[in-house]
Structure formats: structure tokens, C-alpha cells
Amino acid sequence: MPAQPIPKGANVNDIAQCLFDEKMNEKYFHKVARTCYYPAVDMFQSLVDRGLRLSIGFSYSFLRQAQIYDASLLKKFQQLVSHPNVELVGVEPYHSFLFYLDVNAFIKNMQDMVSFMEYLFGKRPVVTDTTEMFQSNEIYFALAKAGFKGTLVDGRPWVMGWRQPSYLYKYDGGPYIFPRHYQLSDDVGYRFSNKHWSGYPLFADTYADWLTSAEGDFVFLGWDFETFGEHHRREMGIFEFTKGMVEEVQKRRGEFILPSEAIEKFANGSHTLPLSQHPSTWAGEGSTEFFLGNSVQQSIFRLMHHAYHKALLTNNIELVELAMWLLQSDNLHLVQWFGKHGNEAEVSAYFTPSEWWRLTPSGIVWEMQQVYKNFIQAMDAHIPFIRQQQTVASYQPALDDLLYR
Amino acid sequence: MLNDIKPENAVFVLVSFEGPDRYSLAGGLGVRMSELSRSLAETGYETHLIFVGDPSLPGKTTELGGKLTLYRWSQWVSQYYPGGVYDGENEKLYDFDESVPGFVVEQIVWPAIAGNKLVVIMGEDWHTANTLPNISDILYQRGMRDNVLMLWNANNPMGFEKINWGRLGYVSTITTVSRFMKHYMWSLGINPLVIPNGIPQRLFSYQTENKADMVRERIGGDYFMFKIGRWDPDKRWNMAIEAAAQLKSMGLKPRMLIRGGAEPYEGEVLHNANRLGLNVAEVRPADNKLENILDVIDSVSEADVLNLKFFVPDDLLAIFYRAADAVLANSGMEPFGLVGLEAMAAGAVVFTGSTGEDYAQPFKNALVLETDNPAEITSYLRSLDVGQIKKIRENARWTAAEFTWDKVNEIFLTRLNFLAYTSLPSEVLAKTNEGVRINYV
């Protein structure tokens, strides 16, 4: 940023080059790899050897960047996933909001994702998450149609109603539903480093007590992978805490269980959970407002629609893929701060690349929209009707004429 | 103290949109960059010219025994814009600003400083007004800023409104091409150094005299006037056309050869010519051989205005300049007026405007027009006697010889020495001079 203008008639590769700041992406990828991915994957590798059972999901966009920027990191993740105590869960491939725009394409992407994961990791996900744990009646049935055996929902009170999040649920014959225990998850995910939190500092034995004394069949904990070393820095003790927590849970005879094992174990006693028509998410206050709550987000969201639909008009699968990259939720997340103050705004501002702030807040939102507008316009040349490509040679007489001397 | 800047201790980096490729030539700037870079390289300086080059040519070429390196930038963008250097201007500008600075620092400045050389970076016109500060920022971050002299040159006021003068002026010494431009820029709170434009030595090598006489005879008419330039009101085309019309109304036979660009203003000028009763004909020869051109001109002997619709190379221009009774470089606004000077090199009787043409002295080496009244042209034209014409032609050539690139570079290098002495830290001067390696992070 500022948005790079795209030459008229640019091919897909050149369009992509103008849309994405690969240098900056790579810089941040390496930064997070150093502080989080490498130490965290090493930690989990040693913990699964010691009995931790965990599930992990990867977006295609993350895997693609890992492959390009740091292939050895990808190998480390592959090694972790290959462990019998690790289950691979599905994730929307582009971390996008495609389900809002094209539910059939969403279903297909989720099915393709399963095949891709099996190809890359040798394991086939049967339980799936979605982007930012978005879940609703419609998404649930889309996932059912895609063939998943289980899915996730953030266990917010307004989603669960009178129910506890620590049971397995199901709705009308669709996939089993794991409600994330949002209180216990967020104690670590959000509050761990918060010195103003009454639970600070959180120690492993205390947390293990909370986990093992929770009511229900199980506690489903869900975190960003970046919780370990990025959201909470190493010096805050997050790695020691996690290692200690596993040990403390085991001391209390607590067990770790994989989602597919939980389905086997608790399927017969599963309960009914009707899902809201309005989606829930694990982000912010748990509703779509976090991503679509301000006018800038809504404007960018509309441009996402236009970009995707224009890409469909081109019949060019590569352009459709670019549109999907532009659909990623992060592009709405990182302007959540617009017109807001407070903790949530601070969190989303943290996700905005520091290099952009020199543009000023209004400059950032203007240029972000410009990226979409440039993309939409650049696809003009790819709408399939007959065009003649002009070359320098064909322009030579005109060039001669331009030169007055 | 630093020895004077010389080929052994300095490297030049010229950054410009225009350059020597036909694709990259849109006017005076392209010619300037071609000639300035060649002249520096011929003097022995390692010279790098970065410009928006022809996408079909190699990205990097070297000339003059490796002294001159041409970098054709933004070729991946230019391939989508076959219409020349300014086609797709915004797209090229973004790419240029983003990618040139890192390249210059890593690939040119870094090795030069490692070799104890001073680097002079010169940007041209508004398109590079962000590039230079971006280069400066990277140099500063890398601890190399003190080893580099940066200049930014204004060839004309185009795009001035887009320039962050505070930022540009902070990182570079601003220069321009004439005292007129200097004064013009005073109004912006800027005091640029004046380093004039130059002309290539080869302009003096064309043998024009015999051919010019023949051309003059074949063109015929009472007054043969020649005008070349962009179709732009600043060039005062209508003043020239009206001068021809005045001569015609006096019962004289004007013959005016004109060559413009591809700008739409041509339509207005030619409409005006027709309205004033001038006969306009296009000249489109099969090629640009002089004999073929003159044959076409002969075929339209009744025409008062002959609109040349072909590329006119330097050597042919020199003949027309020399042959004409008047070369009308009568611009109302000219930052420097390269055409006037080039015509003077051919020994022409040049009618200049009175803005940036510092080289023109009224009635000594040129006719300097003080108004936009066409009668000023016809009046001077009709009053000149053979002796005056001869003297003006001689003086014009003499003056032009003072503006060849080697002479201009003497001024340029002297100014650079002044800048080096006054703007570089003394330890850098000393280290550069002693050949001590300069450490940087």
C-alpha cells in the first residue's frame, strides 16, 4: 500500500504481483515463524510425545505461504500432523467469507480442501472448522452437504442458550457439533497476558483445576496457533504455561481426546443444538459485527462481492482464485478499528501492518478499497469476448508520429 | 579535502522516465538524458541511466566500453502500454518509485562506496520526485547517506503541483536548466542551481551548407520559415501561422515548414491557418531521404504551410534549420529552449521567445521576441539585411558551441564540487580522498 495500479491488459501473474505485497507478507511470515511457529511446533511436538492429543487446522493460504517462504517450517508441521496424537481438522482454504457469497463454491472448496490436506499431510479431515469459526444454520447444512462428520461452533451463551458447551451436539441429522468452551479458551487465548485480569497471572495448576473440574463430558479448547509466542510473547511464560498445563492435567487424571475420538465416544449421548440463522464467530463479541460492523468494512465487503462476481464472469479459474484471496476475512479484520476505540480496536489495529499507518487511517481504508477497485478494473481485459492485443511493433507508426523530432 | 570530482572517484546514477530508446523519447528530456549520460561516460565516468525503456529490448545493456549502463525499467508494465513512455504513466510511476530505490542502493551505490567512490544521483522531472527521497531514506537507514550527492533537476514546471517540495528539497539539491526557471521556482520558495541543457557535439559535424542552399532554392517563396515542436499553445503556433498570413497579405509568398507531435492542438492551429487564407498541405514522403521529401514539396508548390508528417532525423533537421530564413522557436514559455539552441548550432537565424532561452542575445545571435504579436516576427524578418543575417548565423554557431555537453558538464562538475565541499561531512571527504574504506551497516 498504497494500492499499486494494475496495467491495462495485465496477465494474471502481473495482476497478482500488483495486488499482493509479497515482500511485506514474507517479512511478517518470518517474524511470526521466529516468535511463534518454530517454538510452538517444537513445543507441541514434544507434548504430543508426552500424551497431549490435539487437533490442528491449516488454511491453504497459510500452507502456500509456508511453502514459498519457509519450506522447512512446512515440513515441521507435516511431521507434527503425522503423529498419532494429532488430528487434522478442516479449515476454509482461503480463510475467506466465501460462504456469504457463493455457498455452492464454499461446499466445493471445503471438499477440495479435504483432498488437498490428505495429499499434503496424509490425513483426511472429518471434522472441520470454518473461517473464524463462523457457524450458522446455513453453514452447518453446507458442511453437512460437503460430507463432514463434525464441526465447531463458538460456545457463546447466546448460541448455547441454556446448554453447556461441554457436551457433543448435533442438529437434524447433520455433523456433530463441538462447542468451543469460549470462557476457558479465552482465559488463555485473550486474557493470559492481561495484567488487569483478575485471573492474572494464570498458572498451569490453576488452569488444570478449572479444566478438570468443569461440568460435562469434555472441554473443547480452541486457540489461534499464534497464541503461542505471538499474541502472548515468550517472555510472558506462555510456553512454560502450556507445557505445565499438560502435565498438571495429567496429574489430575484428566485425559486428552481428539475430536473424531470424541465423536466415537459421545455420539450416542449427543444433544440437539439448533443453530442461529445469524452466524456466530469466535472473534470479538461473537457476532458478525466484528467483521461487518463499520461502514468501511461493509464497503470492502461489497467490493469483495464485486471482485468475486467479476472474476466469475471471466471464466478464468486463476482470477477466481485471486478473488478468493481477496475475500479473506483478515481484510475486514484489519479495519475493525475504523471509528472505534477500546480493546477490540487495539487488537485489530495490531493486525494492521505498521508500514501502512503512514498513510493515515483514512488513507489506509481508501487504499484498501482501491486494491479491490484496481482488481475489478484489471479484469476488464479478461472478459471473454474478442480482443486484439496491440504490440509495440503495431504501434510503431503512431510512435513515429509522437516524435516530432 | 576531496580532490575534484573525477572519473576515478565518482559514479553517476541518472534516474528519469525518458531515455534514449525510441519508446522512451517524448521530447527534450529523452534527448537530454541520452546526451548527458553519453557525455559523462565519454568523459570516463561510470554512468548508470535508469529509465522507462522499450519493453522489447534487453533490460540492461552497456555501451562505451562498459562506462555507460542503461537499465530499461518497468518493462513488465510497458509491455502493456505500447504507446510510449507516458502511456500507462501511473502504473509505471508506482513501479518506478517502488522498485528503483532499492535497486540503486543495493546494486550501484553499495559497490561504489565499497570502492571508495562518491556517488552522484540525479533525478529528472516530477516523475522522480518521490524516487529520490525514497532512495535517500534507504541510504540513511543503511548508513550510506553521507557518501552520496543527490540532485533533482526540473526541466519544466510540469507536475510541480504533485511534488512534496519540502521532502524533495531536504534530501536533494534542486537544480534547473535556466535562470528563467530559477526565478519561476523562487515563487515556490525554492532556489535551484542552474545547470544549463546541452547539445551534442555531432550537431556541428553535419555538412549542411551546400544542401541548405539547394533546399532553400527548391522550397522557393519569398520567406522560408521552419518551426518544430509539440502542438501546444506554449509554443505559440498561432503566432507563427499569423506571421505567415501577414506576409501573404502583404503580397509576399511565405513557405512555412512545420513539424509537430501527435497532440490534438494541431487541429486548432491548422484550422486557424485555413481561416487566415493559408494553403496547408501535408508532406508524406515514402521515406525521409531529402530528395524524396523535396519532390513531395515540389508537388505542392502552391502550399503556404507544409505540414511534415514523418520523423525528421537530426542531420535533416540541421539542413532545414540552416536553409530557413527564420527558424521560429518563438515559444511563450520555454524552460530552456533546446530547439532554438540546436538550430543555432546549424547556423540558423532563430527567433526565440524571451523566457528560458538564456543563450539568446537579441540581434546578436538570435532574434528574441518580446511579445506574442506576429508583426514582431514579420517586422524583424523584413528588416534584416544580408550582413546582419551573416553575423547572426556566425554568432549563433559560436554561442551554440559553448553549450555542447562537454562544456555543460564542466559547469555541472564545478557545481558538484561546490556541493561536495559544502554538503558532505569532512570525514567522508577525507576518507573518500584517501581511499580508506568507509564502514556502513
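Residues numbered from 1 in each chain as written. Chains lettered and ligands numbered in written order. Predicted model: local features only at pLDDT ≥ 70, side-chain atom pairs only at ≥ 80, totals over all residues. Heavy atoms only, no water.

### Some remarks on the overall build of chain B
Note the cut-off: The helix and strand labels rest on DSSP assignments: H or I over at least four residues marks a helix, E over at least two residues marks a strand, and numbering proceeds from the N terminus. Put simply, the radius of gyration uses C-alpha atoms, and a globule should come to 2.2 Å times the residue count raised to 0.38. A 1.4 Å probe rolled over the protein chains alone gives each residue an accessible area, and that area as a share of the maximum for its type sets the label: buried under 20%, exposed over 50%, partly exposed in between. This count recognises Lys and Arg as positive and Asp and Glu as negative, with His and chain-terminal groups excluded. Charged side chains are reduced to one point each, which is NZ for Lys, CZ for Arg, CG for Asp and CD for Glu.
Counting secondary structure elements, chain B contains 16 helices and 15 strands. Since a compact globule built from 441 residues should have a radius of gyration of about 22 Å, the 23 Å found for chain B is in line with a globular shape. Seen along its three principal axes, the alpha-carbon backbone of chain B occupies a region of about 75 × 45 × 40 Å. Classification of the 441 residues of chain B by burial places 60% in the buried group. Treating the 42 positive side-chain charges of chain B as one cloud and the 55 negative ones as another, the clouds have centres 3 Å apart.

### Points about the packing of helix 2 (residues 22-49) of chain A against helix 4 (residues 71-81) of chain A
Residues and elements named next belong to chain A. For the record, the criterion: Every axis corresponds to a line fitted to the C-alpha atoms, with the helix fit spanning only the stretch in contact, and the corresponding angles, defined between N-to-C directions, vary from 0 to 180 degrees. Each angle receives one of four descriptions, namely roughly parallel if under 35 degrees, roughly antiparallel if over 145, roughly perpendicular if within 65 to 115, and oblique otherwise. Note on convention: near helix rotated counterclockwise from far helix by under a right angle means a left-handed crossing. Clockwise means right-handed. When checking whether two residues touch, look at their non-hydrogen atoms; a contact exists if any pair is within 4.5 Å.
Here helix 2 crosses helix 4 at 25°, and the two axes come no closer than 10 Å. Viewed along their axes, helix 2 and helix 4 adopt a mutual orientation that is roughly parallel. In this structure, helix 2 crosses over helix 4, and the sense of that crossing is left-handed. Facing helix 2, whose interface residues are Phe-29, Ala-33, Tyr-37, Tyr-38, Val-41, Asp-42, Phe-44, Gln-45 and Val-48, helix 4 presents Ser-72, Leu-73, Lys-76, Phe-77, Gln-79 and Leu-80.

### Considering the environment of Val-368 of chain B
All names here are of chain B. Position of Val-368 among the secondary structure elements: in strand 15 (residues 367-368). Taking relative accessible area as the criterion, Val-368 reaches 8% and is therefore assigned buried. For the pair Val-368 and Gly-198, spaced 170 residues apart in the sequence, the C-alpha separation amounts to 20 Å. Setting aside anything within four residues of it in sequence, one finds Val-368 in contact with Thr-352, Gly-353, Ser-354, Ala-360, Gln-361, Pro-362, Glu-376 and Tyr-380.

### A look at the side chain of His-382 of chain A
Residue and element names in this part refer to chain A. Note the cut-off: For this analysis, a polar contact is any N or O atom pair within 3.5 Å, provided that within protein one partner can donate a hydrogen and the other can accept it, and provided that sequence-adjacent residues contribute only side-chain to side-chain pairs.
As for its position among the elements, His-382 is in the loop between helix 18 (361-378) and helix 19 (396-402). A relative accessible area of 18% means that His-382 is categorised as buried. Only 2.7 Å separates the side chain of His-382 from the backbone oxygen of Ala-10, close enough to count as a polar contact. Look past the residues within four positions of His-382 in its chain and what remains in contact with it is Ala-10, Asn-11, Val-12, Ile-15, Thr-314, Asn-316 and Leu-319.

### Here we look at empty space enclosed by the protein
Residues and elements named next belong to chain B. This is how it is decided: In this analysis a 1.4 Å probe is tested at points of a 1 Å grid over the protein atoms alone, and where it fits but cannot get out there is a cavity; an open set with protein on both sides within 12 Å along at least five of seven lines is a pocket; lining residues have an atom within 4 Å of a point. Grid points are joined across faces, edges and corners, and a volume is the space filled by probe spheres set on the points.
Under the definition given, this model contains three cavities of 30 Å³ or more. If you add up the space inside the largest cavity, you get close to 60 Å³. Leu-203, Asp-314, Ala-318, Tyr-321 and Glu-342 are the residues nearest the centre of the largest cavity, which is lined by ten residues in total. At the level of secondary structure, the elements contributing two or more residues to the lining of the largest cavity comprise helix 11 (314-323) and helix 12 (338-345). Counting residues per element, the lining of the largest cavity draws most heavily on helix 11, at four residues. The computed volume of the second largest cavity comes to approximately 40 Å³.

### A few points about the domain arrangement of chain A
Residue and element names in this part refer to chain A. Selection criterion: Segmentation into domains, and thus their bounds, comes from an automatic or database assignment. What counts as buried area is the accessible surface, traced by a 1.4 Å probe, that two parts surrender upon association, with contributions from both included.
According to the domain assignment, chain A contains domain 1 (14-272) and domain 2 (289-382). The C-alpha centroid of domain 2 is placed 25 Å from the C-alpha centroid of domain 1. Across the contact, 28 residues belong to domain 1 and 30 residues belong to domain 2. Around 2,400 Å² of area is buried between domain 1 and domain 2 when both sides are counted, 70% of it from carbon and sulfur atoms.

### What about the domain arrangement of chain B?
Residue and element names in this part refer to chain B. To be explicit about the condition: A side-chain nitrogen of Lys or Arg and a carboxyl oxygen of Asp or Glu constitute a salt bridge if their distance falls within 4 Å. Each residue is assigned to one of three groups, with Ala, Val, Leu, Ile, Met, Phe, Trp, Tyr, Cys and Pro labelled nonpolar, Asp, Glu, Lys and Arg labelled charged, and all others, Gly among them, labelled polar.
Under the domain assignment used here, chain B contains domain 1 (10-198 + 404-434) and domain 2 (202-401). A C-alpha centroid distance of 33 Å is found between domain 1 and domain 2. Contact with domain 1, which involves 17 residues of that partner, is made by 14 residues of domain 2. Together, the buried faces of domain 1 and domain 2 total about 1,200 Å²; carbon and sulfur atoms form 61% of this surface. Ranking the residues of domain 1 by area buried against domain 2 places Phe-180, Asn-197 and Thr-404 at the top, with a combined share of 36%. For the pair domain 1 and domain 2, the number of links is one salt bridge. The salt bridge involving Glu-35 is made with Arg-202; its shortest N-O contact spans 3.0 Å. The interface formed by domain 1 and domain 2 contains four residue pairs in polar contact (both at pLDDT 80 or more). Looking at the side of domain 1 that touches domain 2, its residues break down into six nonpolar, seven polar and four charged.

### Considering the pairing of strand 2 (residues 46-52) of chain B
Residue and element names in this part refer to chain B. Definition in use: By this definition, two strands are paired if DSSP reports at least two bridges between them. A crossover gets the label right-handed when its path from the first strand over the helix to the second runs clockwise, viewed with the strands pointing away from the viewer.
Where burial is concerned, most of strand 2 is hidden: six out of the seven residues are buried. Note that strand 1 (residues 10-15) and strand 2 share five bridges and pair parallel. The residue of strand 2 that forms the bridge with Leu-14 is Leu-49. Between the parallel pair strand 1 and strand 2, the chain is carried across by helix 1 (residues 28-43), and the sense of this crossover is right-handed. As paired elements, strand 2 and strand 4 (residues 68-73) share six bridges and run parallel to each other. When the bridges of strand 4 are listed, Thr-47 appears paired with Leu-68.

### So, the sheet that holds strand 5 (residues 118-124) of chain B
Residue and element names in this part refer to chain B. Read from one edge to the other, the open sheet built from eight strands follows the order 3-4-2-1-5-6-7-8, with strand pairing classed as mixed. If you trace the sheet from one side to the other, it starts and ends with strand 3 (60-63) and strand 8 (193-194), each paired once. In this structure, strand 1 lies alongside strand 5, joined through six bridges in parallel fashion. Within the sheet, the bridge partner assigned to Val-11 lies in strand 5 and is Val-119. Across the face of the sheet, helix 6 (residues 179-186) comes into contact with strand 6 (148-154), strand 7 (173-176) and strand 8 while running at roughly 130° to strand 7.

### Concerning the environment of Arg-34 of chain A
Its location among the elements puts Arg-34 of chain A in helix 2. When the C-alpha positions of Arg-34 of chain A and Glu-230 of chain A are compared, they lie 9.4 Å apart, and in sequence the two are 196 residues distant.

### What about the sheet that holds strand 11 (residues 280-283) of chain B?
Residue and element names in this part refer to chain B. Judged by pairing direction, the sheet is parallel, and its seven strands sit side by side in the order 11-12-10-9-13-14-15 without closing on themselves. The strands lining the two open edges of the sheet, one partner per strand, are strand 11 and strand 15. In the sheet, strand 9 (residues 223-228) pairs with strand 10 (residues 254-259) via six bridges, with the strands oriented parallel. Note that in strand 10 the partner of Tyr-223 across the bridge is Pro-254. Sheet contacts for helix 12: strand 9, strand 13 (326-329) and strand 14 (350-352); angle to strand 14, the most-contacted strand, approximately 160°.

### Brief notes about the confidence of the model for chain B
Definition in use: Each residue gets a pLDDT score, which is the predictor's confidence in that residue and runs from 0 to 100.
Looking at chain B, pLDDT values average 93 and 96% of them are 70 or higher. Segment residues 435-441 of chain B: pLDDT under 50, and 19 contacts once partners within four positions in sequence are set aside and those in other chains are kept.

### A few points about a negative patch on the surface
Under the convention used in this document: The patch calculation keeps residues exceeding 30% relative accessible area without a salt bridge and links them within 9 Å when they carry like charges or within 5 Å when they are nonpolar (Val, Leu, Ile, Met, Phe, Trp, Tyr). Method for areas: the Shrake-Rupley scheme with a 1.4 Å probe, in which residue coverage is limited to the protein chains shown.
A contiguous patch of negative charge, built from Asp-21, Glu-22 and Glu-26 of chain A together with Glu-98 of chain B, is present on the exposed surface. Tracing the chain through its elements places Asp-21 of chain A in the loop between helix 1 (12-19) and helix 2. Owing to a relative accessible area of 34%, Asp-21 of chain A belongs among the partly exposed residues under this scheme.

### Looking at the pattern of salt bridges
A side chain of one charge can pair with a side chain of the opposite charge when the charged atoms of the two come close. Following the criterion strictly, the structure yields 35 salt bridges over all chains and no others. Lys-27 of chain A serves as the salt-bridge partner of Glu-355 of chain A, at 2.4 Å between the closest nitrogen and oxygen. Remark: Lys-27 of chain A occurs in helix 2 and Glu-355 of chain A occurs in the loop between helix 17 (343-351) and helix 18; sequence separation between them is 328 residues. With a shortest N-O distance of 3.1 Å, Lys-253 of chain B and Asp-304 of chain B are connected by a salt bridge. Highlighted residues: Lys-253 of chain B in the loop between helix 8 (237-249) and strand 10 and Asp-304 of chain B in the loop between helix 10 (290-299) and strand 12 (305-308), separated in sequence by 51 residues.

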